[in-house]
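A closer look at the structure
What follows is each chain in one-letter form.
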Amino acid sequence: MTTFQLSDLNCNSLLGPVHLHVQLDIQCNSQHKGFLTLHDGLFWQRRWSQLENGVIQCWKCPDNVDKQDPSELINLKDFVGGSVSLASRDDCARQHAIALSSIDNLDRRLMAADTKEDCLKWMSVVTELLDSLTVWKSFIAN
């Protein structure tokens, strides 16, 4: 526990120790949206996807965002320390495919963007967010 001395106070009612409980949390401001085609292990499904607060939320179409809960959630905090890369042709024959892997490679997601530009943008935003979460995690550990 760290102790702080309060001085130069014009208030006599604050005497004795002050105990504080501090809770730290990160706010993920990275946002992006667009269509992604997600691989669920068996099939590819094209979904409207939004990255907000460190989670990629997916719906069948953009009109469903305000009407339904997401059909799929990908919490990027589960991938801290992992990797984001273009999927190899051995892993995925689709163009513009992204491989998202956890640090232990137990969780791996494949997703494909419609265009090369979309693919690079998704990779950039997800990489930036994972880098921020990694720094935050190391800050909290110290």
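Structural notes, computed from the coordinates.

1. Remarks on the overall build of the chain
- Helix and strand content of the chain: one helix and seven strands.
- Beginning at the N terminus, the succession of helices and strands in the chain can be written as β-β-β-β-β-β-β-α.
- By the burial criterion, 32% of the 142 residues in the chain qualify as buried.
- Contacts spanning at least 24 positions in sequence make up 40% of the contacts within the chain whose residues lie at least 6 apart.
- In the structure as shown, the chain presents an accessible area of about 10100 Å², 49% of it carried by carbon and sulfur atoms.

2. Description of empty space enclosed by the protein
- Applying the stated criterion across every chain, the model contains one cavity of 30 Å³ or more.
- By volume, the largest cavity amounts to about 40 Å³.
- What lines the largest cavity is simply Val-84, Ile-98, Leu-100, Met-111, Trp-122, Met-123 and Val-126.
- Among the elements of the structure, strand E6 (97-101) and helix H1 (116-141) are those that each provide at least two residues to the lining of the largest cavity.
- Of the residues forming the lining of the largest cavity, the biggest block, three residues, is contributed by H1.
- Its residues placed into classes, the lining of the largest cavity shows seven nonpolar, no polar and no charged.

3. Considerations on the packing of aromatic side chains
- For the structure on display, the rule yields one aromatic pair.
- Judged by centre distance (5.1 Å) and plane angle (80°), the ring pair of Phe-35 and Trp-48 falls under edge-to-face. Of the two residues, Phe-35 is situated in strand E1 (residues 32-39) and Trp-48 in strand E2 (residues 44-52); the sequence distance between them amounts to 13 residues.
- With a relative accessible area of 23%, Phe-35 lands in the partly exposed category.
- Sitting over the ring of Phe-35, Arg-46 keeps its end group 3.9 Å from the ring centre.

4. Section: the environment of Lys-60
- By the secondary structure assignment, Lys-60 is in the loop between strand E3 (55-59) and strand E4 (72-75).
- Taking C-alpha positions, Lys-60 is 9.4 Å from Phe-35, a pair spaced 25 residues apart along the chain.
- Those residues in contact with Lys-60 that sit more than four places away from it in its chain are Phe-35, Arg-46, Arg-47 and Trp-48.

5. A short note on the environment of Thr-127
- Take Thr-127: it is sitting in helix H1.
- A relative accessible area of 29% places Thr-127 in the partly exposed class.
- Thr-127 sits 42 residues away from Ser-85 along the chain, and the two C-alpha atoms are 9.0 Å apart.

6. Brief notes about the nonpolar core
- Ile-56, Ile-74, Leu-76, Leu-100, Trp-122, Val-126 and Leu-130 are the most contacted members of the largest nonpolar core, which has 22 residues in total.
- Secondary structure elements with two or more residues in this core: E1, E3, E6, strand E7 (108-113) and H1.
- Broken down by element, the residue count for this core peaks at eight residues, all from H1.
- The contacts of Trp-122, once residues within four sequence positions are left out, are His-32, Lys-33, Gly-34, Phe-35, Leu-36, Ser-49, Gln-50, Leu-51, Ile-56, Ile-98 and Ala-113.
- With six residues, the next largest nonpolar core counts Ala-87, Ala-97, Ala-99 and Leu-110 among its residues.

How each quantity is defined
- Residues numbered from 1 in each chain as written.
- Predicted model: local features only at pLDDT ≥ 70, side-chain atom pairs only at ≥ 80, totals over all residues.
- Heavy atoms only, no water.
- Helix = DSSP H or I, 4+ residues; strand = E, 2+ residues; numbered from the N terminus.
- Buried < 20%, exposed > 50% of the residue type's maximum accessible area, 1.4 Å probe, protein only.
- Contact = heavy atoms within 4.5 Å.
- Areas by Shrake-Rupley, 256 points an atom, 1.4 Å probe, with all protein chains shown as cover.
- 1 Å grid on protein atoms, 1.4 Å probe; cavity = no way out; pocket = protein on both sides within 12 Å on 5 of 7 lines; lining within 4 Å.
- Points joined across faces, edges and corners; volume = space filled by probe spheres on them.
- Nonpolar A, V, L, I, M, F, W, Y, C, P; charged D, E, K, R; others polar.
- Phe/Tyr/Trp six-rings, centres within 6.5 Å; stacked < 30°, edge-to-face > 60°.
- Lys NZ or Arg CZ within 6 Å of the ring centre and 35° of its normal.
- Core = buried A, V, L, I, M, F, W, Y, C linked by side-chain atoms within 4.5 Å.

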